[in-house]
Amino acid sequence: MKNNWSVSRAQVLNTCERQYYFDYLAPARINSRDTTLKEIGFLKKLTNIPMWQGNIFHSVVANSLKRIQRRDSLLSKTWLRSLKNKVEKEWAFSESRRFRETPQLIDKAGGLALFEHEYDLELSGKNSQVILQFIEALVNRFTIWVEQTDLIKKVQSAKQIWIEPDIYGSHAPGFVIDNVQVIAKVDLALVTPDKRFTIFDWKTGNYSSILSGRNSQAEFQINVYQLWPHLTLEYPLESIEAHVVYLGSDAVNHKTFKMDLEQREYTLSSIRRSIAYIQRFSNNDDGLNFSLEDFDFANSVGICQQCKFKKLCQRVLEV
């Protein structure tokens, strides 16, 4: 494995071993000479509509928070027009399927390849305007929530602040376990004047009480994030708090989390088990090398239906 670990990386392996191979181990590029590797490289570039919406929303929020930090207005007057142009341009490129002939344009300005378009799925009325309206609704809910809380004051008075920080590099948020860098991809973190460390994570989906509890990925993720200031920056647990803000429904659902010693040990133990599991599939210098055939299929057809690599597995399974 590369010498890093993240909740998302662990989740991929727990979901499907083959997907993990395609995403993390295959030496694939869209300009690979090998046709299979070239196809894997292309499929890795796909994103689905919920992820695309979420990425745009997070970008708008990050820019808004930076404006707040500078004591500007929450959103510039041109943000909606810029957002409209971006959504329409990217949707048009993906809908045209131009990415099939020119995959090198994916991730460039206006270049987008949606999972739903690549697999010619029924979109049930989805179009650029519907997408735009959904993102606008998220932003409006976020704006109202910000105004109803003391977030503006916290951002402007913060002694230290991280807004969508880079996840790689010497100053990236995270910590080290057994020589493995654990990545903490926080949306916002700040140190208040009274030296409390506060973390925020925005969710564009709905909160479900059914999924709450110790085994919830969202709650496990936020516990991992809290270990960053505790282990790397040496903040005591009692001075750290984390907030998960769900914006997917009309009523914003704001959950606050604090970590105790029991949760600390449980989270560290879970990370170590996950690292050991991932390392089982890591090529090493002792002659142990893995290929795709060493990785199992997902145990659910539902998982396969939503996987961007499913056409590769369909050929093997002849389905």
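None of these values were measured; they are calculated from a predicted model.

Enquirer: Would you mind showing me how to read the overall build of the protein chain here?
Expert: Along the protein chain, the regular secondary structure elements total twelve helices and eight strands. Compactness check: the protein chain gives a C-alpha radius of gyration of 21 Å against a globular reference of 20 Å for 319 residues, within 12% of the reference. Counting the 319 residues in the protein chain, one finds 46% classified as buried. Sequence-distant contacts in the protein chain: of pairs separated by 6 or more residues, those separated by 24 or more amount to 67%.

Enquirer: Can you help me understand helix H2 (residues 17–25) in this one?
Expert: In an α-helix, one turn spans 3.6 residues, which is why side chains three or four residues apart end up on the same side. Among the nine residues in H2, seven count as buried, and that is most of the element. Every buried residue belonging to H2 is among Glu-17, Arg-18, Gln-19, Tyr-20, Tyr-21, Phe-22 and Asp-23, and all of these are buried.

Enquirer: What am I meant to see in the pairing of strand S3 (residues 174–177) here?
Expert: As a general feature of sheets, a regular strand has side chains that alternate between the two faces. Alignment of S3 against strand S4 (residues 180–183), held across four bridges, turns out to be antiparallel. Across the sheet, Ile-177 pairs through a bridge with Val-180, a residue of S4. Count of turn residues in the S3/S4 antiparallel hairpin: two residues, of which Asp-178 carries a positive phi of about 50°.

Enquirer: Help me out: how do you make sense of the pattern of salt bridges in this one?
Expert: Pairing between side chains of opposite charge can happen when the charged atoms of each approach one another. Under the counting rule described, the total for this entry stands at 15 salt bridges. With a closest N to O distance of 3.1 Å, Arg-100 and Glu-118 form a salt bridge. Of the two residues, Arg-100 is situated in the loop between helix H5 (79–95) and helix H6 (115–118) and Glu-118 in helix H6; the sequence distance between them amounts to 18 residues. The partly exposed category is assigned to Arg-100, whose relative accessible area is 38%. Overlapping salt bridges bring together Arg-97, Arg-100, Glu-118, Asp-120 and Lys-311 as one network.

Enquirer: Where do I start with the sheet that holds strand S1 (residues 4–5) in this structure?
Expert: Picture the strands of a sheet paired through backbone hydrogen bonds; they go either parallel or antiparallel. Spatial strand order, S1-S4-S3: three strands in an open sheet with mixed pairing. Every interior strand has two partners, whereas the edge strands, S1 and S3, have only one. With respect to the sheet, helix H9 (residues 217–232) is in contact with S1, S3 and S4, its orientation differing from that of S3 by roughly 85°.

Enquirer: What exactly am I supposed to notice about the environment of Ser-270 here?
Expert: When you line up the elements, Ser-270 lands in helix H10 (residues 261–279). Spatially, the C-alpha atoms of Ser-270 and Phe-220 are 9.2 Å apart, while their sequence positions differ by 50 residues.

Enquirer: Explanation requested: the sheet that holds strand S7 (residues 240–246) in the structure shown.
Expert: With mixed pairing, the five strands of this open sheet are ordered in space as S2-S5-S6-S7-S8. For this open sheet the edge positions go to strand S2 (160–163) and strand S8 (253–257), each flanked by a neighbour on one side alone. Put simply, the sheet's adjacent strands are angled 15° from each other on average, direction ignored. One ladder, built from five bridges, connects S7 with S8; its direction is antiparallel. The residue of S8 that forms the bridge with Ala-242 is Phe-257.

Enquirer: Would you explain the nonpolar core in this entry?
Expert: As a rule of thumb, soluble globular proteins bury nonpolar side chains together. Residues Trp-5, Phe-175, Phe-197 and Ile-271 are the most contacted members of the largest nonpolar core, which totals 57 residues. Counting residues per element, this core draws most heavily on H9, at seven residues. Once residues lying within four places of it in the same chain are set aside, the contact partners of Trp-5 are Ala-10, Val-180, Gln-181, Val-182, Ile-183, Phe-220, Val-224, Ile-271, Ser-274, Ile-275 and Ile-278.

Enquirer: What should I look at first to understand the environment of Ala-113 in this one?
Expert: Looking at where Ala-113 falls in the secondary structure, it is placed in the loop between H5 and H6. Spatially, the C-alpha atoms of Ala-113 and Ser-94 are 5.0 Å apart, while their sequence positions differ by 19 residues. The contacts of Ala-113, once residues within four sequence positions are left out, are Lys-45, Leu-46, Thr-47, Ser-94, Phe-99 and Ile-106.

Enquirer: For this particular structure, what's the right way to read the packing of helix H4 (residues 49–69) against helix H7 (residues 128–148)?
Expert: Describing two packed helices takes the angle between their axes plus the distance from one axis to the other. It is at 10 Å that the axes of H4 and H7 come closest, and there the two elements cross at 35°. Here H4 runs over H7; the crossing is right-handed. Counted together, Ile-49, Trp-52, Gln-53, Ile-56, Phe-57, Val-60, Val-61, Leu-65 and Ile-68 of H4 and Ile-131, Phe-134, Ile-135, Leu-138, Val-139, Phe-142 and Val-146 of H7 form the full contact between these two elements.

Enquirer: Help me understand the confidence of the model for the protein chain, please; the structure alone is not making it clear to me.
Expert: Where the model shows low pLDDT, its predicted coordinates should not be examined in detail. Across the protein chain, pLDDT averages 91, with 94% of residues at or above 70. Counting contacts from residues 210–215, a segment whose pLDDT is below 50, to residues more than four positions away or on other chains yields nine contacts.

Enquirer: Where do I start with the side chain of His-58 in this structure?
Expert: Structurally, the position occupied by His-58 is in helix H4. Within the local environment of His-58, its side chain forms a polar contact with the backbone oxygen of Trp-202, the two atoms lying 3.3 Å apart. The contacts of His-58, once residues within four sequence positions are left out, are Glu-164, Asp-187, Trp-202 and Thr-204.

Enquirer: What is the right way to read unusual backbone geometry from this model?
Expert: With the exception of glycine, the majority of residues adopt a negative phi angle, and the majority of peptide bonds are in the trans configuration. For Asp-178, which is not a glycine, the phi torsion comes out positive at approximately 50°. One can find Asp-178 in the loop between S3 and S4. At Glu-234, a residue that is not glycine, the phi angle is positive and equals roughly 65°. When you line up the elements, Glu-234 lands in the loop between H9 and S7.

Basis of the calculations
- Residues numbered from 1 in each chain as written.
- Predicted model: local features only at pLDDT ≥ 70, side-chain atom pairs only at ≥ 80, totals over all residues.
- Heavy atoms only, no water.
- Helix = DSSP H or I, 4+ residues; strand = E, 2+ residues; numbered from the N terminus.
- Rg over C-alpha atoms; globule rule 2.2 N^0.38 Å.
- Buried < 20%, exposed > 50% of the residue type's maximum accessible area, 1.4 Å probe, protein only.
- Contact = heavy atoms within 4.5 Å.
- Pairing = 2+ DSSP bridges.
- Salt bridge = Lys/Arg side-chain N within 4 Å of Asp/Glu carboxyl O.
- Axes fitted to C-alpha atoms, helices over the stretch in contact; angles between N-to-C directions.
- Core = buried A, V, L, I, M, F, W, Y, C linked by side-chain atoms within 4.5 Å.
- Left-handed = near helix turned anticlockwise from the far one by under 90°.
- pLDDT = per-residue confidence, 0-100.
- Polar contact = N/O pair within 3.5 Å; in protein donor to acceptor, adjacent residues only side chain to side chain.

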